[in-house]
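Each chain, written out:
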Number of protein chains: 6
Amino acid sequence: DKELYADDDIAGIVTGLAWTQVGGEILLIESSLSRGKGVLTLSGQLGDVMKESAVTALSYLKAHADELGIDYRVFTCYDLHIHIPAGAVPKDGPSAGITMLTSMTSIYTQRKVKPYIAMTGEVTLRGKVLPVGGIKEKILAANRAGVKEIILCSKNRKDIEEINQSYIKDLSFHYVDTVDQVLDIALLPGQVGKPMKFVLPEEKEQSEVEKVY
Amino acid sequence: DKELYADDDIAGIVTGLAWTQVGGEILLIESSLSRGKGVLTLSGQLGDVMKESAVTALSYLKAHADELGIDYRVFTCYDLHIHIPAGAVPKDGPSAGITMLTSMTSIYTQRKVKPYIAMTGEVTLRGKVLPVGGIKEKILAANRAGVKEIILCSKNRKDIEEINQSYIKDLSFHYVDTVDQVLDIALLPGQVGKPMKFVLPEEKEQSEVEKVY
Amino acid sequence: DKELYADDDIAGIVTGLAWTQVGGEILLIESSLSRGKGVLTLSGQLGDVMKESAVTALSYLKAHADELGIDYRVFTCYDLHIHIPAGAVPKDGPSAGITMLTSMTSIYTQRKVKPYIAMTGEVTLRGKVLPVGGIKEKILAANRAGVKEIILCSKNRKDIEEINQSYIKDLSFHYVDTVDQVLDIALLPGQVGKPMKFVLPEEKEQSEVEKVY
Amino acid sequence: DKELYADDDIAGIVTGLAWTQVGGEILLIESSLSRGKGVLTLSGQLGDVMKESAVTALSYLKAHADELGIDYRVFTCYDLHIHIPAGAVPKDGPSAGITMLTSMTSIYTQRKVKPYIAMTGEVTLRGKVLPVGGIKEKILAANRAGVKEIILCSKNRKDIEEINQSYIKDLSFHYVDTVDQVLDIALLPGQVGKPMKFVLPEEKEQSEVEKVY
Amino acid sequence: DKELYADDDIAGIVTGLAWTQVGGEILLIESSLSRGKGVLTLSGQLGDVMKESAVTALSYLKAHADELGIDYRVFTCYDLHIHIPAGAVPKDGPSAGITMLTSMTSIYTQRKVKPYIAMTGEVTLRGKVLPVGGIKEKILAANRAGVKEIILCSKNRKDIEEINQSYIKDLSFHYVDTVDQVLDIALLPGQVGKPMKFVLPEEKEQSEVEKVY
Amino acid sequence: DKELYADDDIAGIVTGLAWTQVGGEILLIESSLSRGKGVLTLSGQLGDVMKESAVTALSYLKAHADELGIDYRVFTCYDLHIHIPAGAVPKDGPSAGITMLTSMTSIYTQRKVKPYIAMTGEVTLRGKVLPVGGIKEKILAANRAGVKEIILCSKNRKDIEEINQSYIKDLSFHYVDTVDQVLDIALLPGQVGKPMKFVLPEEKEQSEVEKVY
Ligand SMILES: [Ca+2]
Ligand SMILES: [Ca+2]
Ligand SMILES: [Ca+2]
Ligand SMILES: [Ca+2]
Ligand SMILES: [Ca+2]
Ligand SMILES: [Ca+2]
Ligand SMILES: [Ca+2]
Ligand SMILES: [Ca+2]
Ligand SMILES: [Ca+2]
Ligand SMILES: [Ca+2]
Ligand SMILES: [Ca+2]
Ligand SMILES: [Ca+2]
């Protein structure tokens, strides 16, 4: 009943892979920005570990704003909301880390998300991707949903190799170690059709700031 | 004992459909705005999932303010209160999502709500409408209360088709996939008789802001 | 042992009717204002539902400040405290809604409360009065305490008709559907003898605000 | 082992009467002010009902600042701390209400507290004094500690009359109905020897404020 | 394994005496200040009663800043952190009150703490020292650790007299009733070798403040 | 499966040693800074004691900013996030104290962390290093992971001496008593290749501040 989202013209929608009692599932991470004060809202009955993953991903983004082409003022002049439907289903664990990070990067840069791609992996504050569990069930769910490419931690390669290859012949896999690799694969270089224009206060004049160290 | 609200001259009152232990019920979502700082208050003994639905609906509205014709400054200069009577009855679940969104849109735009209409469906942050449960009981309750039109997720069409059609011959159904469709159906183009005049601070002069991306 | 409060020269004191394990009781709602920042304090061991009733009543007042003759700046320049003695007795439920609203309206407008009047009813955000339970016990308690007039939801009329009329021959009843009717009955047109003078900051000049919609 | 505090040269120290499992006891309410932002701190393991009593007493004081001769700016430019030793003993209930109010009034006005006086009674927001329980035990404890005068609610007079009069021949009783009477009895007209000088920001000029109603 | 801290050249380190399941122990109270906004941080797994003691001690200090020679602006321009190692051992009770107060006074005045001194006693808001329990065990622990002088409430003198005097022949005792006496004994008149220089905003000009009462 | 992090060109990544039910383990402390308001975020399912260790370490850093060469304005103009993967594994206890402090010092000074070094020890607010447990298991884990140098409290020397020396012949040990010694050993004098440039507001002019004491 889960459907794949494969419209690359809305920023911030990325497909993750979850492992639940009833087997593997795809889940969509949704992000939105609105003018505000930098408040982060998380919804969809997320557990503590998943909330910490979101906060860690956001800190990574803030600390690497320059290299990702994000104006740092956006973080304090816009509020970020991340929601994971279905709203009544509790979700937890660190494995949506890279999916949330990709969603956030897309919404802040307005870059397109590659269609038919899904991913699963824990993110750390220094941008490392860690392996996660339930790979087989997640992959089979992705396949059923029509996903074509999957991003995984390189330490999860062995879990893929244990799957009967005939089940996954339509899938291509990307094995990564860093967030930087994830974003290179999952985000297209161009922006969505009608990118948001961020309205920001003028930067302080140089005479009022100084740089140190 | 539940009565239908069908006065289209007050903004922000929308009929939802709930499914409780004693069967289906209609419930009224009430919204009000007052000068303040953008605080959101939710009351009526709402559970976590329902509160998250409200927050998600509000984020959708903020992110789509321009296309809905809402001045973004209203979100920070007015407080929004959403209340669902009866005040002592606990309520939960995501199915009031589109009803709360319609109520909020009506109060912020001061547009009239179509009379004799009710709705049920989960809302997501990107404006998608998801199917919900308890359809049969909800529809019968709506019928008893005098509702004439009902908005549902297109994925709930099969639940309607399973109902004995003689019970629902006086109802017309709208099947939707997006919030945009919900609002086109449920809100009339004109404003209520005495629309609120929002008092807002002057916008900053162009020289003090810049637009990026 | 409960005594009726019937001094119409202090604003904000209104008699409510409660239904407890030991039968019906009157309770006094007390409101006070002091210079501050718009903080709402509730005391008297109020439960969640009762607190939500207070917040709903206050939102109603804020949204209808103009028509009630309340300067909106009072809501942000004064703190409101509502207390319901006895301080150690837990109280809950929505039935003090209209009593709290009447108390708040009296304190913000400094209008006198009609003496020897009591009331019970739930309030909604759009100003509707909903019926409540325990009517017989509440009415008998009011009668014993010396109350002369009672305001009730029109849907509670049937509960009054079931009472042996000889018990209530000294009481007159007002059946209402809206908050507006409650206030017309319970508040006298004039102010208390020494009305508070609200000290407010000057309004911003017209050039600094604009009205939209 | 409890000792009476009877030094009238420190503002804010007032003797209350408590009723505990081990019988009646005296307790000292201590208040202190320090430059700050109007924060209220309560300590001494106070329960919910007792904290609400303190907040109610403070609201009464704020709403009646003018008639008590307190400059309203003190409430926002000074922090108030109320502590009840012994710090590890849990305390609760409404009966310290008038004692806390007297302590606060003394510290804000710097008026002396009458020596050898103790009191017990609930306070309401409109300044009414309500009766409390455990009177016999409290009175005997006060007597043992050397208290000479006691302030009680007039509704507690019957509890005093039931005590064997030979036990209380050294005590004089004040029966009151309002806070105003309590303060007239418990506070001396003059200030303590070295009254605090409150440092306050200049009042806004008249041109910047207006009075309404 | 606990060691005595007897270096008088760091401000804010004071030896307290605790009574635990395994007998008496010494504990070190550490305070530090850093530029901030007046935030108080407490760490070392302190229980509610101990936290209230710290807050009470700080309020005493703020209310008596002038007589202790502390510039009141330090309280709002610096953050105070109090930590009691070992970090994983839960601690509670009021008996560290005077130790925390001495530590705070030392850090705010930069005065030296007398070496080889320890103390135990509850502090009240008006600066009174109250007796505490476990005296025998605490004293023996202090003796083993090399403490030479001990400050106690005068009401704890009887507990000392019950100890076999040969055990405590190397200890001298100070019996006190007020905080003022504690500080006179425990703090040396001079400052530590390299006292902190507090950086403070200029005081408002006299024309902008007024003193009342 | 745990890997050693030995890249000295990213600031803020430091190897700690943990002791878990399944034996000793290494863990990486990650710190990052981003423009903000001085908010501290901790993630990785840290328990209360561990969170207090982090806060204590940060207070030490703030109080010793000058001697460590950190501009105090960084603490209020940047947000600090500390994360300890793996995100779903609960962690607690004080033994990561010196590791977190080293990580923070590295990120705020942008100094390199010595490669192949690990450490374990509690930190106190005055900069003392306290001994911790589980030394044998931690050391063996460090050895397996390729660590070459280990920093420990001097009071843990006896725990090392009890280990069969053939197991640890490739490790060199540093026994310390203070944080200052930890930082001298663990941080290299130079900065990482591309040090962050901190953007700070201009300092207030001398005429607007004064130094006291
Ligand atoms: Ca959890
Ligand atoms: Ca790249
Ligand atoms: Ca829940
Ligand atoms: Ca449309
Ligand atoms: Ca509840
Ligand atoms: Ca009217
Ligand atoms: Ca309670
Ligand atoms: Ca008087
Ligand atoms: Ca406790
Ligand atoms: Ca002295
Ligand atoms: Ca804990
Ligand atoms: Ca050094």
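Residues numbered from 1 in each chain as written. Chains lettered and ligands numbered in written order. Predicted model: local features only at pLDDT ≥ 70, side-chain atom pairs only at ≥ 80, totals over all residues. Heavy atoms only, no water.

Undergrad: Just give me the short version of the overall build of chain A, but keep the residues and values in it.
TA: A count of helices and strands for chain A gives seven helices and 13 strands. Against the globule reference of 17 Å for 213 residues, chain A gives a C-alpha radius of gyration of 17 Å, in line with a compact fold. Projected onto its principal axes, the C-alpha positions of chain A cover 65 × 35 × 35 Å. Counting across all 213 residues of chain A, residues that qualify as buried make up 56%. Pairs at least 24 residues apart make up 77% of the contacts formed inside chain A by residues separated by at least 6 positions. As displayed, chain A has an accessible area near 8,800 Å², and 48% of this comes from carbon and sulfur atoms. Positive and negative charge centroids in chain A, built from 24 and 29 side chains respectively, lie 2 Å apart. (Helix = DSSP H or I, 4+ residues; strand = E, 2+ residues; numbered from the N terminus. Rg over C-alpha atoms; globule rule 2.2 N^0.38 Å. Buried < 20%, exposed > 50% of the residue type's maximum accessible area, 1.4 Å probe, protein only. Contact = heavy atoms within 4.5 Å. Areas by Shrake-Rupley, 256 points an atom, 1.4 Å probe, with all protein chains shown as cover. Lys, Arg positive; Asp, Glu negative; His and termini not counted. Charge placed at Lys NZ, Arg CZ, Asp CG, Glu CD.)

Undergrad: Please provide a residue-by-residue account of the coordination of the calcium ion (ligand 2), values included.
TA: All names here are of chain A. Asp-180 (OD), Asp-180 (OD), Asp-184 (OD) and Asp-184 (OD) make up the full set of protein donors to the calcium ion (ligand 2), lying at 2.8 to 3.1 Å. Residue Asp-180 and its partner Asp-184 are located together in helix H7 (residues 179-186), separated by four residues, close to a single helical turn. The exposure class assigned to Asp-180 is partly exposed, which follows from its relative accessible area of 43%. (Donors = N, O, S within 2.8 Å, 3.2 Å for Na, K, Ca; no water.)

Undergrad: Before we move on, could you go through the coordination of the calcium ion (ligand 6) and cite the residues and values that matter?
TA: The protein atoms that coordinate the calcium ion (ligand 6) are Asp180(C) (OD), Asp180(C) (OD), Asp184(C) (OD) and Asp184(C) (OD), at distances of 2.8 to 3.1 Å. Asp184(C) sits in the exposed class, given a relative accessible area of 58%.

Undergrad: I'd like a rundown of the interface of chain C and chain D, residues and numbers included.
TA: Taken together, the 40 residues of chain C in the interface contact 24 residues of chain D. When chain C packs against chain D, close to 2,500 Å² is buried across both sides, 54% of that on carbon and sulfur atoms. Counting every contact that joins chain C to chain D gives two salt bridges. Notably, a salt bridge pairs Arg73(C) with Glu210(D), separated by 2.8 Å at the nearest N-O pair. One can count 13 residue pairs in polar contact (both at pLDDT 80 or more) joining chain C with chain D. Of all the secondary structure elements, the ones that give two or more residues to the side of chain C that touches chain D are strand E2 (23-35), strand E3 (40-43), strand E4 (78-83), helix H4 (97-109) and strand E12 (198-201) of chain C. (Buried area = accessible area lost by both parts, 1.4 Å probe. Salt bridge = Lys/Arg side-chain N within 4 Å of Asp/Glu carboxyl O. Polar contact = N/O pair within 3.5 Å; in protein donor to acceptor, adjacent residues only side chain to side chain.)

Undergrad: For the relation of the copies chain B and chain A, give the residues involved together with the corresponding values.
TA: For the match of chain B to chain A, the screw axis carries a shift of 0.0 Å, the RMSD comes to 0.0 Å, and the turn is 60°. Expressed as an axis order, the relation between the two copies is that of a six-fold axis. For chain B, the residue whose C-alpha comes nearest the rotation axis is Lys37(B), separated from it by 12 Å. (Least-squares fit on C-alpha atoms with pLDDT ≥ 70 in both.)

Undergrad: Explain the interface of chain B and chain A to me, using residue names and the numbers behind them.
TA: If you look at the interface, chain B gives 24 residues, while chain A gives 40 residues. Both sides of the chain B and chain A interface together cover about 2,500 Å² of buried area, and 55% of this is carbon and sulfur. Considering only the surface of chain B that becomes buried against chain A, Leu125(B), Arg126(B) and Tyr213(B) emerge as the three largest contributors, covering 31% of it. On the surface where chain B and chain A come into contact, there are two salt bridges. Our enumeration of links across chain B and chain A arrives at 13 residue pairs in polar contact (both at pLDDT 80 or more). Contributions of two or more residues to the side of chain B that touches chain A are made by helix H1 (48-63), strand E7 (122-123) and strand E13 (209-212) of chain B. Across four bridges, strand E12 (residues 198-201) of chain A lies against E13(B) in antiparallel orientation. (Pairing = 2+ DSSP bridges.)

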